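Here are the chains, one letter per residue:
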Amino acid sequence: AAAAAHVLPVLALLAVAAPAAAQVPTPESVLGHVPGADFKLTRYEQALEYFRRLDAASDRLELREVGTTSYGRPMVIALISSADNLRNLDRYRDIALRLAHPGDMDEAEARKLAAEGKALVWVDGGLHSSEVAHSEHTMQLAYDLVTGDGNPEFAAILENVILLLWTNINPDGQTLVADWYMSNVGTQYEVSPAPFLYQKYIGHDNNRDGYMINQIESRVVTRVAREWEPQILYNHHQTAPFPTRIWIPPFAEPISPNVHPLM
């Protein structure tokens with residue numbers, strides 16, 4: 001009894017100090033398979049359910065609905081950072097907007113805001129829905145970050161970065177492609193391309209709409225970018241080993257003055 005009296009307080013402390021990973025569901029616990037597993041593709045509805053579970057389980061992820069797709073699916077972003085940073089999101093967003101549109105700001109104020117602010121980093125997946133790696137990757141990335149207590153690099157990211165992670169910027173396409181593939185696994189049509197567009201109106205070239213903004217999804221994505229003005233915007237694709245390309249519209253002179261000269 002005396003030994004138990006000493007042990008119980010220690011167990012209580014361990015429970016309080018348990019790493020975030022102990023309470024956070026793994027992707028495979030919700031999907032039924034590891035993201036990227038052979039012969040498996042994840043529907044958008046499954047991915048969204050996983051992100052909602054993460055939102056409920058962790059104070060390092062906040063899920064926000066930002067629009068609706070052509071077929072009526074919700075478009076969401078996951079804001080991932082330390083719990084303290086997420087509590088002060090409005091302030092850090094204001095700093096990013098002020099630095100992006102400085103007006104008559106002097107150098108002293110700019111340096112002060114840059115020191116106070118956090119790096120806003122945008123990562124998206126799923127734009128070309130037949131490029132399936134990135135829509136699987138976003139789930140694993142979210143899990144790794146919110147449970148990364150023991151990794152100094154992840155801890156530094158959570159402290160210094162606010163990640164705007166899209167579950168998928170073409171939710172309709174993710175489900176269309178996943179359904180087609182999963183219905184043909186094990187048949188002679190397993191690797192055949194889907195005989196339909198994976199965006200309601202424009203299919204594969206949905207990313208080319210980034211400079212025309214004709215489609216619902218493009219307008220949602222562009223609005224969110226302007227509402228946050230992330231310093232790094234990483235548009236995730238899956239490419240063959242060669243050639244690797246950088247596309248910057250309008251692809252001819254005059255190049256946008258906002259594009260870095262090295263690019």
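Description of the structure in this document. The structure presented is a predicted model; accordingly, all values stated were derived computationally and were not measured. (Residues numbered from 1 in each chain as written. Predicted model: local features only at pLDDT ≥ 70, side-chain atom pairs only at ≥ 80, totals over all residues. Heavy atoms only, no water.)

## Some thoughts on the overall build of the chain
- Across its full length, the chain carries 10 helices and five strands.
- In the chain, which comprises 263 residues, the share counted as buried stands at 39%.
- Within the chain, residue pairs in contact and separated by at least 24 positions form 71% of the contacts whose partners lie at least 6 positions apart.
- Total accessible area on the chain stands at roughly 14,800 Å², and carbon and sulfur atoms take up 59% of it. (Helix = DSSP H or I, 4+ residues; strand = E, 2+ residues; numbered from the N terminus. Buried < 20%, exposed > 50% of the residue type's maximum accessible area, 1.4 Å probe, protein only. Contact = heavy atoms within 4.5 Å. Areas by Shrake-Rupley, 256 points an atom, 1.4 Å probe, with all protein chains shown as cover.)

## Focus: the side chain of threonine 147
- Within the secondary structure layout, threonine 147 lies in the loop between α7 (133-146) and α8 (152-160).
- You can call threonine 147 buried: its relative accessible area is 15%.
- Among the polar contacts listed, one links the side chain of threonine 147 to the backbone oxygen of tyrosine 143, at a separation of 2.7 Å. (Polar contact = N/O pair within 3.5 Å; in protein donor to acceptor, adjacent residues only side chain to side chain.)

## A word on the nonpolar core
- In this structure, Phe51, Leu54, Leu61, Ile80 and Leu165 are the most contacted members of the largest nonpolar core, which totals 24 residues.
- In terms of residue count, helix α3 (residues 44-57) provides more of this core than any other element does, six residues in total.
- Discounting residues that sit within four places of it in the chain, phenylalanine 51 has contacts with Leu61, Leu63, Ala78, Thr138, Met139, Ala142, Leu165 and Thr167.
- Counting residues in hydrophobic clusters, the runner-up holds 23 residues, among them Ile95, Met105, Leu164 and Ile169. (Core = buried A, V, L, I, M, F, W, Y, C linked by side-chain atoms within 4.5 Å.)

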